[in-house]
Amino acid sequence: MHKFLIVVVGPTGIGKTKTSIEIAKHYKTDIISADSRQIFKELKIGTATPSEEELREAKHHNIGSHSIHDYYSAWEFEQDALKFTEELFKTHNQLVLTGGSMMYIDAICKGIDEIPTIDQELRDNLMNQYNTEGIDSIRRQLKQLDPVFYEQVDLMNHKRVIHAVEVCLMTGKTYSSLRTNTVKKRPFQIIKVGLELEREEVYNRINLRVDQMIEMGLVEEAKQFYPLKELNSLNTVGYKELFGYFDGDYDLNKAIELIKRNTRRYAKKQLTWFKKDAETQWFRPNEIAKIISHIDSLILNCNS
RNA sequence: GGUACCAUAGCUCAGUAGGUAGAGCAAUGGACUGAAAAUCCAUGUGUCCCUGGUUCGAUCCCAGGUGGUACCA
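Residues numbered from 1 in each chain as written. Chains lettered and ligands numbered in written order. Predicted model: local features only at pLDDT ≥ 70, side-chain atom pairs only at ≥ 80, totals over all residues. Heavy atoms only, no water.

1. Describing the sheet that holds strand E6 (residues 281-283)
Spatial strand order, E3-E2-E4-E1-E5-E6: six strands in an open sheet with parallel pairing. Across the chains shown, the open sheet's two edge strands, defined by having one partner strand only, are strand E3 (60-61) and E6. Relative to strand E4 (residues 94-98), strand E2 (residues 31-33) runs parallel, the two being bridged by three bridges. Bridged to Ser33 within E4 is Thr98. (Pairing = 2+ DSSP bridges. Helix = DSSP H or I, 4+ residues; strand = E, 2+ residues; numbered from the N terminus.)

2. Quick notes on unusual backbone geometry
Note: most residues except glycine have negative phi, and most peptide bonds are trans. Of note in the backbone geometry, Ala48 takes a positive phi value of approximately 55° without being a glycine. With a phi close to 70°, Asn62 is a non-glycine residue in the positive phi region. Here Asn62 is to be found in the loop between E3 and helix H3 (74-88). When its relative accessible area of 5% is taken as the criterion, Asn62 is described as buried. (Buried < 20%, exposed > 50% of the residue type's maximum accessible area, 1.4 Å probe, protein only.)

3. Focus on the packing of helix H5 (residues 120-133) against helix H8 (residues 158-171)
Contact geometry for H5 and H8: axes closest at 10 Å, N-to-C directions at 135°. Judged by the inter-axis angle, H5 sits oblique to H8. Helix-helix and strand crossings are classified by hand; for H5 and H8 the assignment is right-handed. In this structure, H5 contributes Leu122, Arg123, Leu126, Met127 and Tyr130 to the contact, and H8 contributes His158, Ile162, His163, Val165, Glu166, Leu169 and Met170. (Axes fitted to C-alpha atoms, helices over the stretch in contact; angles between N-to-C directions. Parallel < 35°, antiparallel > 145°, perpendicular 65-115°, else oblique. Left-handed = near helix turned anticlockwise from the far one by under 90°. Contact = heavy atoms within 4.5 Å.)

4. Some remarks on the protein's contact with RNA strand B
Within the structure, RNA strand B sits among 45 residues, and Ser36, Asp113, Lys159, Lys240 and Arg261 are positioned closest to it. Across the atoms of RNA strand B situated within 4 Å of the protein, the share located in sugar and phosphate is 59%. Arg37 is positioned with one of its side-chain polar atoms (N or O) 2.8 Å from a phosphate oxygen of RNA strand B. With respect to RNA strand B, the side chain of Arg261 contributes an N or O atom lying 2.3 Å from a phosphate oxygen. Those elements that provide at least two residues to the surface near RNA strand B are helix H4 (102-109), H8, helix H10 (199-216) and helix H13 (252-275). In terms of residue count, H13 provides more of the surface near RNA strand B than any other element does, eight residues in total. Residue composition of the surface near RNA strand B, by class: 14 nonpolar, 14 polar and 17 charged. (Near = heavy atom within 4 Å. Polar contact = N/O pair within 3.5 Å; in protein donor to acceptor, adjacent residues only side chain to side chain. Nonpolar A, V, L, I, M, F, W, Y, C, P; charged D, E, K, R; others polar.)

Structure, rendered in structure tokens:
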């Protein structure tokens, strides 16, 4: 009997939570979240974490499991997701995985290369170097440490350049030699379902949802974390814009407009990423019956 | 009803001393291997309200419409 991981992807606000719950209920199974922000227990409103009621409808894993102070990355996600699947596939033949974090989805579906976690001190030092000496200094260092990757990397993107350098310094090997570009084998089949609507409809839903978040008390939620605004976990749409408002850079209405715009841009970016994956079958979020029958036919095909 | 002003990109507007146009915002396309809701790259999308007139040529000048705004009745 094959095991199936049903992966539900789509832009933010399209209804992944609702659709995933319907699918999970149909297969009487659990949901693993692949969301880089809903993992933080402190962030509820701004991350559109499923409601108490929704969490009761289907068991969710990896939601509210960490603190905003914790270090978490795609690597940790891969490890966690593998643990969840190993455990849950003992008692289920299907599992649902859903979320909007593109790299997390790839981490579980394809795997990522083994690279040690970078010491915070090393990262801080390089960041410092970047801030004082500029990107050129880091680029020169990369050219020397890993000329191969230097040719491939987007030299305008300081995060990529810095990361490559820190990996080289951390491991004593070139970053390019650690990038194997292989897809890891998983002990389960993967079925990818994409949710989409007309662009305008997606944007309308986003704008509406942001207004609802404000009504639910997003401003107050963000205010609590204002002193911690430098944390990476709070470099998040919905919070960073409000921090700018608290700083006095603009008024609340402007902050709300910025949240809407940045959420729209995020949705567009997700679509660009997810659309590239030819394995994904696309549906409208309310086409539950169609989605289920699509999944069933793939399962049947695989098991016969 | 009268007078004045306005009509240019999705929005707010600039502009062309007559040679089919450009800013801001919004938007669009893309990249992506441990910060990824992060980070980075690229892109101007247009019956210049309509119909005539003058002109080699009109978005620009003239006339008449239409719509809007303000003021006067």
